[in-house]
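# Structural overview for review
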Amino acid sequence: MTLIFDTPATGDIPEPTHSQALLQLCKRLERAWTLSDVLDAVTPMGEAVFDYPNVWLALFDRDSDSLDFLTHATAGHAGAISRQLQTMKIPIRGDVLLEEIMEATHVVVVEDARTDPRTNKAVVAALQNRTIINVPLIMAEQRLGALGMGTYGDEEGVRPPKPWQMELMQATAGHLAVALDRVRFMTARREAEEALMQEKERLQVTLHSISDAVVTTDADGLVRYLNPAAQALTGWPLAAATGCRHQDVLGLAAEPGSQTAPDLVGRALAQGSTQLHAKLRATPRTGTPLLMDLSASPLLRPGGEADGVVLVFRDVTEASRLSREMEFQALHDTLTSLGNRRAFEHLLGQAFTATRGSSAHHCVCYLDLDNFKVINDTCGHAAGDELLRQISRLFLAHLEPQDLLCRLGGDEFGILLWQRDLPQAMQVAERLQQGLAAFRFLWRDHVFSVSVSVGAVMLDASTESVGAVLQAADSACYVAKDGGRNRIHVYAENDPALAQRYGVMEWVSRIEYALQNDRFELFCQPIVRLGVAADVEPPPRLHCEVLLRMRTADGTLALPSEFMPAVERYHLAARVDRWVIRKTLAWMVEHQEHVELCCINLSGQSVGDAAFLSQVLQAIDETPVRCDRLCFEITETAAMGDLAAANRFLHALRARGCQFALDDFGSGLASYAYLRELAVDTLKIDGQFVRRMADDPVSFAMVKSIHEIGCLMGKKTVAEFAESAAIVDLLTGLGVHYAQGYALGRPAPIDQVFLETVPR
């Protein structure tokens, strides 16, 4: 039976001691800081005033729409109450009595919980409740829950409250509601403070853990905090740095034209956004100058007012040194310190541009030393290297300051004679030959005389391209050598000697015939992972490079060095590359489960051809081949020739899952900045360094440097022309990832790769 009382009966007047009991309750509630304290404070009222020792709090949990019951646990037998707090959560929805309590504004009494149809009999049996009294706890129209009291078991039996008790219970509930609201507020504030402290600790741990140096300042640029990385880099401990100018802590150098260090904080606050500063010069407390990349970001309060700046920086001294070294190497020959082929082509490009639509003219000479191989074979590479250094100095002595001399590779040199006509160029070439004729190269007990063959061509408004002028000079030089060496030959259109030397048109017709009649053939050469013992790991799937050969009319195989110049010269590269890709994809479909990676060379002309890219994508989409097992190789020269086109090509195929390798890396040595812009996976170290690294310290250093740069940028390295076991051992010791060459496997017809064991 549920009894509802709105007002106490007339004859039941609270005794004077009840006011004292409320006063004592208020004093206890003033010291209540937790829910347990609140329950402890009200329990004496239930025991001493109301004669209900079974007291609990039923608090509304809005998140779960349930009531949390807080009570003191029994000591193990009826009537004995322990001060150990226990909680129980009961859902409100579906419980008739709880729904009534949460809607009531008055005292709700259940005279006998065992017989009342609205009570949860399972809960009643578990708790042994008899009479249940619930007083709503309401604070500022917000329902907090209820104060509960009642009898326990048969010993206490059924004992409903008297009117004066209910009136006093409502007064008690009012005081409890105020106390509960205060406890909840304090609990929320404490939890917020703890969360804030935990977040601060997490931020501190993060700042202590990251490798970048972090400094925070106030709005005046005075240091507030340094993480351990910043302390190590600047040499300032946190205690000493706090309150100091950030310029002093960072050790910033004065800006050019100024006697003061830059105010990084002031600039960031003035702009109101992150400011990036590259390669700032600084001298930390350790005294060792360094370069740093730094970002300065304003720290803003919620209202937008600046509270300071966070400076994040890192030491880029070594990376900058490597970049400068690579930039120097990109334009210089390591043996002679002359410009290299890339430098020569760059200057030719500038000269070519200057001649467009003008009367400007220059002369380009291609020089090839005669009988250089004899000296190399007789006395070794060390003698050949010394000869090249001496001849470089001799040539420079006969040139004007505005002339450019470069070593193009091997025993070949290029000269750009600035604003010279052919008669003047012939005089320079003759002086070079005469100076060389008077020169004697001494090496131990040997004395050698040296001569040079020269090919010359004019660079003017009629010149087709930089590639065309280089090809013409090279062709003229070969004619000079074929004519008896130590000669000078000037290039001219329709020169019979040039036609006889190359038979270019004949090669063009052969290439056309090969394309139309499948006279090309594919070979492959293994690329071997270094540092893996054969008895430790099972034999890997095939990792190889596809190589091209052409079957001539007489049945012999022509190497790419014989027909590719004509392919490039007459813009047949895209057609040849399409043939190679189509045949390779067909082979891959049959064998891709046994292939780890198949590398395909592409011409620079193909990489820059939008139609070719579309055709390659179509071929890949139409062929059931795993793109992650395809790798396209492009030369460094091709990539640098048109960086934008190369990146478009790379990104389109990488979207399919294909990989890319930068071939012949080191022949021109792309600058660090350019290399970072190319989305390639692998660097193939140019073979001219690899094949000589066993007996040439400079070549060894080049291979080591290229590998280290590759690793620094997260790229794999492959060494070409690994032609001896000694070279393979050196590459393994350097940590080069892969190698390719005769010491590890010779090229074989691609159709026979899985019919016979390819050397590993």
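Residues numbered from 1 in each chain as written. Predicted model: local features only at pLDDT ≥ 70, side-chain atom pairs only at ≥ 80, totals over all residues. Heavy atoms only, no water.

### What about the overall build of the protein chain?
Within the protein chain one finds 28 helices and 30 strands. Each principal axis of the C-alpha atoms in the protein chain carries an extent, and together these give about 140 × 70 × 55 Å. Of all 760 residues assigned to the protein chain, the portion counted as buried reaches 47%. By sequence separation, contacts in the protein chain at least 24 residues apart represent 63% of the contacts at least 6 residues apart. Carbon and sulfur atoms make up 52% of the accessible area of the protein chain, which amounts to about 36800 Å² in all. Computing the positive centroid from 70 side-chain charges and the negative centroid from 97, the protein chain places the two 2 Å apart. (Helix = DSSP H or I, 4+ residues; strand = E, 2+ residues; numbered from the N terminus. Buried < 20%, exposed > 50% of the residue type's maximum accessible area, 1.4 Å probe, protein only. Contact = heavy atoms within 4.5 Å. Areas by Shrake-Rupley, 256 points an atom, 1.4 Å probe, with all protein chains shown as cover. Lys, Arg positive; Asp, Glu negative; His and termini not counted. Charge placed at Lys NZ, Arg CZ, Asp CG, Glu CD.)

### Observations regarding the environment of Glu-636
By the element assignment, Glu-636 lies in helix α23 (residues 636-641). For the pair formed by Glu-636 and Lys-684, sequence separation is 48 residues and the distance between their alpha carbons is 9.6 Å.

### Details of the pattern of salt bridges
Applying the stated criterion across every chain, the model contains 30 salt bridges. A salt bridge links Arg-407 to Asp-333; the nearest nitrogen and oxygen atoms lie 3.0 Å apart. Placement of the pair is Arg-407 in strand β14 (residues 404-409) and Asp-333 in the loop between α11 (317-331) and α12 (341-355), with a sequence separation of 74 residues. For Asp-333, a relative accessible area of 12% corresponds to the buried category. Among the ionic contacts, a cluster of salt bridges with common partners joins Asp-112, Arg-114, Arg-130 and Asp-154. (Salt bridge = Lys/Arg side-chain N within 4 Å of Asp/Glu carboxyl O.)

### What to know about the packing of aromatic side chains
For the structure shown, the criterion picks out 9 aromatic pairs. Above the face of the Trp-507 ring, Arg-510 is positioned so that its terminal group lies 4.5 Å from the ring centre. A cation over an aromatic ring shows up here: Arg-691 above the ring of Phe-721, its NZ or CZ 4.4 Å from the ring centre. (Phe/Tyr/Trp six-rings, centres within 6.5 Å; stacked < 30°, edge-to-face > 60°. Lys NZ or Arg CZ within 6 Å of the ring centre and 35° of its normal.)

### A closer look at the environment of Ala-610
Secondary-structure assignment places Ala-610 in helix α22 (residues 610-622). C-alpha separation for the pair Ala-610 and Ala-645, spaced 35 residues apart in sequence, amounts to 8.5 Å.

### Considerations on the pairing of strand β26 (residues 659-665)
The buried fraction of β26 is high, at 5 of 7 residues. The pairing of strand β25 (residues 630-635) with β26 spans 5 bridges and is parallel. When the sheet's bridge partners are listed, Thr-635 is paired in β26 with Asp-663. (Pairing = 2+ DSSP bridges.)

### A look at α22
The end-to-end C-alpha distance of α22 is 19 Å, a good match for the 18 Å that 13 residues give at a rise of 1.5 Å each. All of the buried residues in α22 are Phe-612, Leu-613, Val-616, Leu-617 and Ile-620. The buried residues of α22 occupy one face: seen down the axis, they fall within an arc of 135 degrees. Check the buried side of α22 and you find it contacts α20 (573-591), α21 (604-607), β25 and α24 (643-654). Backbone nitrogen of Ala-611 and a side-chain oxygen of the N-cap are separated by 3.0 Å at the start of α22; the cap is Asp-609. (Expected span 1.5 Å × (residues − 1). Arc of directions from axis to C-beta. Polar contact = N/O pair within 3.5 Å; in protein donor to acceptor, adjacent residues only side chain to side chain.)

### Re the nonpolar core
Formed by 81 residues in total, the largest nonpolar core has its most connected members in Ile-511, Phe-520, Phe-563, Phe-632, Leu-653, Leu-662 and Leu-731. For this core, the element with the most residues is α20, which contributes 9 residues. Setting aside anything within four residues of it in sequence, one finds Ile-511 in contact with Phe-520, Met-550, Phe-563, Ala-566, Val-567, Leu-572 and Val-576. By size, the runner-up hydrophobic cluster in this structure holds 35 residues, among which are Val-42, Trp-164, Leu-176 and Ala-179. (Core = buried A, V, L, I, M, F, W, Y, C linked by side-chain atoms within 4.5 Å.)

### So, the state of the cysteines
In the structure shown here, the tally under the stated rule is 0 disulfides. Left without a disulfide partner, Cys-406 is nearest to the cysteine sulfur of Cys-365, which lies 13 Å away. The exposure class assigned to Cys-406 is buried, which follows from its relative accessible area of 0%. As a non-bridged cysteine, Cys-627 has Cys-658 as the owner of its nearest cysteine sulfur, 4.4 Å distant. (Disulfide = S-S within 2.5 Å.)

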